[in-house]
Structure formats: structure tokens, C-alpha cells
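Observations on the three-dimensional arrangement
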Amino acid sequence: MADQDARNGEDKRPTGIPALRWEEPPEGPVLVLLDQTRLPAEEVELVCTDPAVLVEAIRSLAVRGAPLLGIAGGYGVALAAVRGFEVEEAAAALAGARPTAVNLAVGVRRAQAAHREALARTGDTRQAAQAALSAARALHREDTEASARMAAHGLALLDELLPAGGHRVLTHCNTGSLVSGGEGTAFAVALAAHRSGRLRRLWVDETRPLLQGARLTAYEAARNDMAYTLLTDNAAGSLFAAGEVDAVLIGADRIAADGSVANKVGSYPLAVLARYHHVPFVVVAPVTTVDPDTPDGASIEVEQRPGYEVTEVTAPQVPVAGAGGGIPVAPLGTQAYNPAFDVTPPELVTAIVTEEGVVSPVTTEALASLCARSRQVTIS
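Here the residue index of a chain counts from 1 through its sequence in written order. Since the coordinates come from a predicted model, pLDDT governs what is reported: local features require at least 70, and pairs of side-chain atoms require 80 or more to be given and counted, while whole-chain, interface and lining totals use all residues. Here the side-chain values reflect all heavy atoms present in the structure, with hydrogen atoms and water set aside.

Comments concerning the overall build of the protein
The condition that has to hold: The secondary structure listing takes helices from DSSP runs of H or I that are at least 4 residues long and strands from runs of E that are at least 2 residues long, numbered from the N terminus. As a reference, a globule follows 2.2 Å times the number of residues to the power 0.38, and the radius of gyration itself is taken over C-alpha atoms. Relative accessibility under 20% of the residue-type maximum defines a buried residue, over 50% an exposed one, and the middle range a partly exposed one, all with a 1.4 Å probe and only protein chains included. Contacts are residue-level and defined by heavy atoms, with any inter-residue pair within 4.5 Å sufficient. Accessible surface area values rest on a Shrake-Rupley calculation with a 1.4 Å probe, where residue burial reflects the displayed protein chains alone.
For the protein, the count of helices and strands is eleven helices and 17 strands. Taking 2.2 N^0.38 as the reference for a compact globule, 380 residues should give roughly 21 Å; the C-alpha atoms of the protein span a radius of gyration of 20 Å, in line with that estimate. Expressed along its principal axes, the backbone C-alpha trace of the protein runs to roughly 65 × 55 × 40 Å. Within the protein, the proportion of its 380 residues that are buried is 54%. Across the protein, contacts joining residues at least 24 apart in sequence account for 75% of those joining residues at least 6 apart. Accessible surface, the protein: about 16,100 Å² in total, of which carbon and sulfur atoms supply 53%.

Structure follows, in C-alpha cells:
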């Protein structure tokens, strides 16, 4: 295990290069991404000059995480409009780049709707492009604000569930500033607990198949001087059995109308373990991740990733021999089952934390009421 001791107290040190930003150099607007596939070894940026480059960045997971994908989708539509690409075609390609993460399509549709409305109203492509960009920037700003509110609601819930303090939190995948315009979703709650002196230990699942916990969450925890310990996914059970986990905090890529939660594969087994060991299992996600058009977990399309992500490993500056550009760790021709997500049923979820408040118990009616309140706030 890799272990990093923390320095307690108020630490708001910057976490490095922003995960995403819009720039307007003399040669034309671009979307600049921190390439998350290169972390933690090196911080390298990708410059997207057209929507096709962004689509590939999304598919390759160079940019990832539900809220950030929504922001990227919005900026992608704006990039197409500003640079004179066919906006409707670009929007379709962006929205379909990853099927499970609903925020991506939400961000695309929002910027697309702003572009259509301005074009119909003015007939001016430049004004329509500016409208799409304004929509993307608004989404970016709203996500930053939502992240702070989720952290506050989540910390209050942790204190209610665990009044003794000294929280030992297990998290899965990556949910920090790398997935958000702010400080993230589930990770933002753990960070708030750390800053208030109430986080005793952050247990970080390495998160197969792409090790997004080991590469990214550990990277963010280290940069924020949090007390964290990395573990293999299949070691979580022994932690629960030893009484070392007080709560599980995860994010979500899509929440169905009935409260079923799609998150990085491995989340569902954690929910089962948490239920057996009487440990709260808490999902933290913005309201935009709730999809009323998806009735239940069985209706969620689960993205299937290439098998070589399991049968090979990649390492910087090492000769490669595998079909996916990595070092083979399984016999040639081995088939791999590699879903990107699994689905946790609502009865295993203690609470869903959003920027608009907490839903517990998780029911269809409670989620519908939350979404209705959110729409009213947006309209007003």
C-alpha cells in the first residue's frame, strides 16, 4: 500500500493546471485540456482546435468525469460554432462520445439550444457562436458553485451520520477537481472534512481497469496534504471486516429516475459490502446527473471499454508490444470483460447529495421533487 500522511488545517493550495479552460490566442479560439491519461507522471496539456479532437479526447479519457464532460460538451459546441464547423454534426458526435455519462449530452444540448435560438433570432453565425460560448461558460460557472454547495451538504450529512468525527472514508474512482469546474463531487466532501480537521483517513480504491483512483485521486489527495491510503479494489472487503471504514463516498455518471446509480465499475460491490457492514453508502453528484428520462437501472446503457485496457498495462518511456500500445500481462488472444460502469440499486444507497440538498431515503418521488425544485431555482 502507498500511504501519505497529512498536515491538518486549512490548506487551499492550488491543485496544478486547470482540468479545462477556454483560450483565445491570435490564431483562433481553442479548448485546452489537462491530459488525464498522462497523470500523475506528467502534467501535459492537449489543445483542441476542432470538435473531432475533443471527441477523441473524451473517448480516450484524456478529459473525463461527469460534470467536466458536461462542461467540455458545451465548449465543444462553441468551438465548432466559432471555428466554422457544422454545429449540429459536431453536437451529435460529442453527445455520443461516451454513452453512460448523461452530463455530456446535457452540456452539449444546452450550448446547442443557445446556438439554435440565437441563429434563428438574428441569422448571424457570429452571434450564434457567441451565444453557445456564453452557455458553456455559464455551465462552467454553475458547476463551480454547485461543487461548493455539494461539499457543504455532504459534510453536514457526514457529521449527522458520524457524530463522533474522525471520519474514515472510502472512495472509488476519481471525483475531485479533475472532474469539475470546482473541487469535485465526492472528493470535495472529503476535502471539506479534511480542511475542518474531521477526516482521519481517506481510503482510495485504485479503481480498475484504468487505475483512476491510484493515478488521479491519490494525485489530488497528495496535492491537498490529505491523509490517504491506496488499496487494491478487492482489498476493500477486508477493510470493512476490520471496521476501518466509516462511510463510502462515490460520484455518479448517471442517476436513473428511480435512484439507480451508474458509477465506475466496482461501485456496486462496495454498496453490497457497505450494506452488510452497516456503513453509510453516499453518492455525491450534481442535479444534472439525475436523468428523469432513464426510468431505472436496467435502462442505463453501460459503456464497454476495449479489452486491452485489462490485458495490457501502460508505462511512460517503456517499449510497447500490445495491440493497445501497452505491455501485455495476459496471454495473447485473451478476451476481457471490461465494462466502464456498474449500476447500484437505490435500496443500497444511503443518500444522494446534490447542490440542491440531500435525498434520503432514495426514492423516485424524492428525486423527482428535488429535480422540480432545481428547475424552479434555475427559472427564477
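Remarks on the sheet that holds strand β4 (residues 45–48)
The strands making up a sheet associate through hydrogen bonds between their backbones, and the pairing can be parallel or antiparallel. Using the following cut-off: Here, any two strands with at least 2 DSSP bridges between them count as paired. In this analysis an axis means a line fitted to C-alpha atoms, helices contributing only their contacting stretch, and an angle means the value between N-to-C directions, from 0 to 180 degrees.
The strand order across the open sheet formed by three strands is β2-β3-β4, and the pairing between neighbours is antiparallel. Here the strands that pair on one side only, and so sit at the sheet edges, are β2 (20–23) and β4. Neighbour to neighbour, the strand axes of the sheet diverge by 25° on average, direction disregarded. Each of β2, β3 (30–34) and β4 touches helix α2 (residues 66–82); the most contacted strand, β2, lies at about 20° to it.

Quick word on the packing of aromatic side chains
Condition: Pairing of aromatic side chains requires ring centres within 6.5 Å, counting the rings of Phe and Tyr and the six-membered ring of Trp. Pairs whose planes differ by under 30 degrees are stacked, by over 60 edge-to-face, and all others tilted.
Tallied over the full model, the rule gives one aromatic pair. Consider the rings of W22 and Y75, whose centres lie 5.7 Å apart with planes at 20°: the pair is stacked. Note that W22 is positioned in strand β2 and Y75 in helix α2, a separation of 53 residues in sequence. Among the residues examined, W22 registers a relative accessible area of 12% and is labelled buried. Of the residues examined, Y75 reaches a relative accessible area of 4% and is grouped as buried.

A closer look at the pairing of strand β10 (residues 261–264)
When strand β9 (residues 254–256) meets β10, the two strands line up antiparallel, connected through two bridges. Looking at β10, one finds that R254 is bridged to A262. Counted along the chain from β9 to the antiparallel partner β10, the turn is four residues long, and its residue G259 has a positive phi close to 95°. Across four bridges, the pairing between β10 and strand β15 (residues 341–344) is antiparallel. Across the sheet, residue N263 finds its bridge partner in β15, namely D342.

A closer look at the pattern of salt bridges
Using the following cut-off: Salt bridges are identified by distance alone: a Lys or Arg side-chain nitrogen within 4 Å of an Asp or Glu carboxyl oxygen.
For the structure on display, the rule yields 18 salt bridges. The partner of E42 in a salt bridge is R38, and the shortest N-O contact between them spans 2.7 Å. The partner of E43 in a salt bridge is R223, with the nearest N and O atoms 2.7 Å apart. With a gap of 180 residues between them, E43 in the loop between β3 and β4 and R223 in helix α7 (residues 212–223) connect regions that are remote in the sequence. The class for E43 is partly exposed, based on a relative accessible area of 32%. For R223, a relative accessible area of 27% translates into the label partly exposed.

Re the side chain of T311
As for its position among the elements, T311 is in helix α10 (residues 308–311). The class of T311 is buried, set by a relative accessible area of 13%. Discounting chain neighbours no more than four positions away, the residues touching T311 are I327, P328, V329, A330, T334 and A336.

Comments concerning the sheet that holds β15
Read across the sheet, four strands follow the order β12-β9-β10-β15 without closing on themselves; strand pairing throughout is mixed. Looking along the sheet, the strands with just one partner apiece sit at the ends: β12 (290–291) and β15.

Comments concerning unusual backbone geometry
In this model, L39 is joined to P40 through a cis peptide bond whose omega is 0°. With an omega of 5°, the peptide bond between R208 and P209 qualifies as cis. The residue P209 is located in the loop between β6 (199–205) and α7 in this model. Of note in the backbone geometry, T207 takes a positive phi value of approximately 70° without being a glycine. Tracing the sequence through the fold places T207 in the loop between β6 and α7. Even without glycine at this site, D225 takes up a positive phi of about 55°.

Some remarks on the confidence of the model for the protein
Heads up, the rule is: As a per-residue measure, pLDDT reflects the predictor's confidence and takes values from 0 up to 100.
Predicted confidence across the protein gives a mean pLDDT of 92, with 92% of residues reaching 70 or more. For residues 1–15, every residue scores under 50 in pLDDT, and the model assigns this stretch 38 contacts once sequence neighbours within four places are set aside.

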